[in-house]
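The primary structure of each chain is shown beneath.
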There are 2 protein chains.
Amino acid sequence: MKKNAKNELIKYDHPCPIRDVLDRIGDQWSLLILKSLEHDVMRFNTLHKEIGDISRQMLSRTLKRLENDGYITRTVYAQVPPRVEYALAELGLSFLKPMNTLIQWADENHEAICRARKTQNL
Amino acid sequence: MKKNAKNELIKYDHPCPIRDVLDRIGDQWSLLILKSLEHDVMRFNTLHKEIGDISRQMLSRTLKRLENDGYITRTVYAQVPPRVEYALAELGLSFLKPMNTLIQWADENHEAICRARKTQNL
DNA sequence: TCAAATAGTCTATATTGTAGACTAATTATA
DNA sequence: TATAATTAGTCTACAATATAGACTATTTGA
């Protein structure tokens, strides 16, 4: 993150929509979470198990950001033990289309990628 | 990264193409680099200036990964000072389509995202 | 009485990213 | 002749971020 002389965060004023979107969903987990929510409402622990290798902290953080940005909704039921459900919001639903274009490309080119890939762990 | 009892990296065997693609291009910089190369061959420093807020180390690393995976090519000219050109390879070219679908969505929803976004810096 | 379940948070540690100095070789400029 | 500029990276010390796993509160069921 850039800072100015007073060590304050320089707020990036997003002149560029690509950046704007990538800054939020171009991370390791957001797409996987949105994909998991494609067909079903999900609870925190279910998502945690489904994705498998995400830490609870990152799951929590990423869900907060996705909610904050309007991709998903978070519904709390007054129960014990707690029940919190995450679901796609309008923006998330609309995002499915480009996301699935990407996923389709991934499917179609999976083999080509494996063939092209020379080294593991670069 | 997951490790086993002997502290060796557990090699993720990529049963899932989405993961396979996201693990490589789902980072902060890859899409921006590929987008920069869409219309032009580019040199290292030019990319560095164009993207602006990437460190040289990350640029170097990301370019290596993209080359290794077959998205881009790297051509060295025997000159001094050195001239190294990066260009889209076949896989990179084919990736433009889903990438631009994503970018188009970003453009179209830019406003909605800004409206939905409640908090900066989450 | 004790375990189980849930949705997180907290903390110590491990991993990853950053800025900026540095390199070697040649040309251009003063 | 000395000095600066140029290039594509690498290196290092430091900063930021992610991880694993312990922990919380509350209620139900055994």
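Before reading further, recall that the structure is shown in the block above.
Remember, it's a predicted structure, so these values are computed and weren't measured experimentally. (Residues numbered from 1 in each chain as written. Chains lettered and ligands numbered in written order. Predicted model: local features only at pLDDT ≥ 70, side-chain atom pairs only at ≥ 80, totals over all residues. Heavy atoms only, no water.)

## What about the sheet that holds strand S1 (residues 42-43) of chain A?
All names here are of chain A. Taken in spatial order, the 3 strands make up an open sheet running S1-S3-S2, and their pairing is antiparallel. Of all strands in the sheet, those bounded by a partner on one side alone are S1 and strand S2 (72-77). Strand direction decides the pairing type here: S1 and strand S3 (residues 83-88), joined by 2 bridges, are antiparallel. Following the sheet pairing, Met-42 is matched in S3 by Tyr-86. (Pairing = 2+ DSSP bridges. Helix = DSSP H or I, 4+ residues; strand = E, 2+ residues; numbered from the N terminus.)

## Quick look at the pattern of salt bridges
For the structure on display, the rule yields 14 salt bridges over all chains. Residue A:Arg24 is joined to A:Asp69 by a salt bridge in which the shortest nitrogen-to-oxygen separation is 3.1 Å. Taken as a pair, A:Arg24 in helix H1 (residues 17-25) and A:Asp69 in the loop between helix H4 (56-68) and S2 lie far apart in primary sequence, 45 residues in all. You'll find A:Arg24 and A:Asp69 in the same group, each marked buried. Through salt bridges with shared partners, a single network forms among A:Asp20, A:Arg24, A:Asp69 and B:Arg117. (Salt bridge = Lys/Arg side-chain N within 4 Å of Asp/Glu carboxyl O. Buried < 20%, exposed > 50% of the residue type's maximum accessible area, 1.4 Å probe, protein only.)

## Regarding the sheet that holds strand S3 (residues 83-88) of chain B
Residue and element names in this part refer to chain B. Ordered by their spatial adjacency, 3 strands build an open sheet running S1-S3-S2, and the pairing between neighbours is antiparallel. The outermost strands of the open sheet, each flanked by one partner alone, are strand S1 (42-43) and strand S2 (72-77). Pairing of S2 with S3, which is carried by 6 bridges, proceeds in the antiparallel orientation. Each bridged residue has a counterpart across the sheet, and for Thr-73 the counterpart in S3 is Ala-87.

## Here's the deal with the relation of the copies chain A and chain B
By a simple turn and slide, chain A fits onto chain B: the slide is 0.0 Å along the axis, the RMSD is 0.0 Å, and the turn is 180°. On the angle and the small slide along the axis, the relation comes out as a two-fold axis. When the interface residues of chain A are mapped onto chain B, 100% of them again lie at the interface, so the same face is used by both copies. (Least-squares fit on C-alpha atoms with pLDDT ≥ 70 in both. Contact = heavy atoms within 4.5 Å.)

## What to know about the nonpolar core
Counting residues in each nonpolar core, the largest one holds 62 residues, and the members touching the most others are A:Tyr71 and B:Tyr71. Beyond its immediate sequence surroundings of up to four residues, A:Tyr71 is in contact with A:Val21, A:Ile25, A:Leu34, A:Leu66, A:Ala87, A:Leu88, A:Ala89, A:Leu91, A:Gly92, A:Phe95, B:Trp105 and B:Ile113. (Core = buried A, V, L, I, M, F, W, Y, C linked by side-chain atoms within 4.5 Å.)

## Considerations on the interface of chain A and chain B
The parts lose accessible area when they come together, and the size of an interface is often stated as this lost area. Every contact between the two is made by 51 residues of chain A and, on the other side, 51 residues of chain B. Together, the buried faces of chain A and chain B total about 4700 Å²; carbon and sulfur atoms form 62% of this surface. For the interface between chain A and chain B, the tally reads 6 salt bridges. Here B:Asp69 and A:Arg117 are joined by a salt bridge, their closest N and O atoms 3.1 Å apart. Applying the counting rule to chain A against chain B returns 12 residue pairs in polar contact (both at pLDDT 80 or more). At the level of secondary structure, the elements contributing two or more residues to the side of chain A that touches chain B comprise H1, helix H2 (30-36), H4 and helix H5 (90-116) of chain A. (Buried area = accessible area lost by both parts, 1.4 Å probe. Polar contact = N/O pair within 3.5 Å; in protein donor to acceptor, adjacent residues only side chain to side chain.)

## Points about the side chain of B:Glu85
Residues and elements named next belong to chain B. Position of Glu-85 among the secondary structure elements: in strand S3. Reaching out from Glu-85, the side chain makes a polar contact with the side chain of Arg-83 at a distance of 3.3 Å. Beyond its immediate stretch of four places on either side in the chain, Glu-85 contacts Val-41, Met-42, Arg-43, Thr-73, Arg-74, Thr-75 and Tyr-77.

## Comments concerning the packing of helix H3 (residues 44-51) of chain B against helix H4 (residues 56-68) of chain B
Residues and elements named next belong to chain B. In contact at an axis separation of 11 Å, H3 and H4 are set at 115° when each is read in the N-to-C sense. Where H3 crosses over H4, the two elements pack in a sense that is right-handed. Where H3 approaches H4, its residues Phe-44, Leu-47 and His-48 are matched on the opposing element by Arg-56, Leu-59, Ser-60 and Leu-63. Of the residues assigned to the contact of H3 with H4, the class counts are 4 nonpolar, 2 polar and 1 charged. (Axes fitted to C-alpha atoms, helices over the stretch in contact; angles between N-to-C directions. Left-handed = near helix turned anticlockwise from the far one by under 90°. Nonpolar A, V, L, I, M, F, W, Y, C, P; charged D, E, K, R; others polar.)

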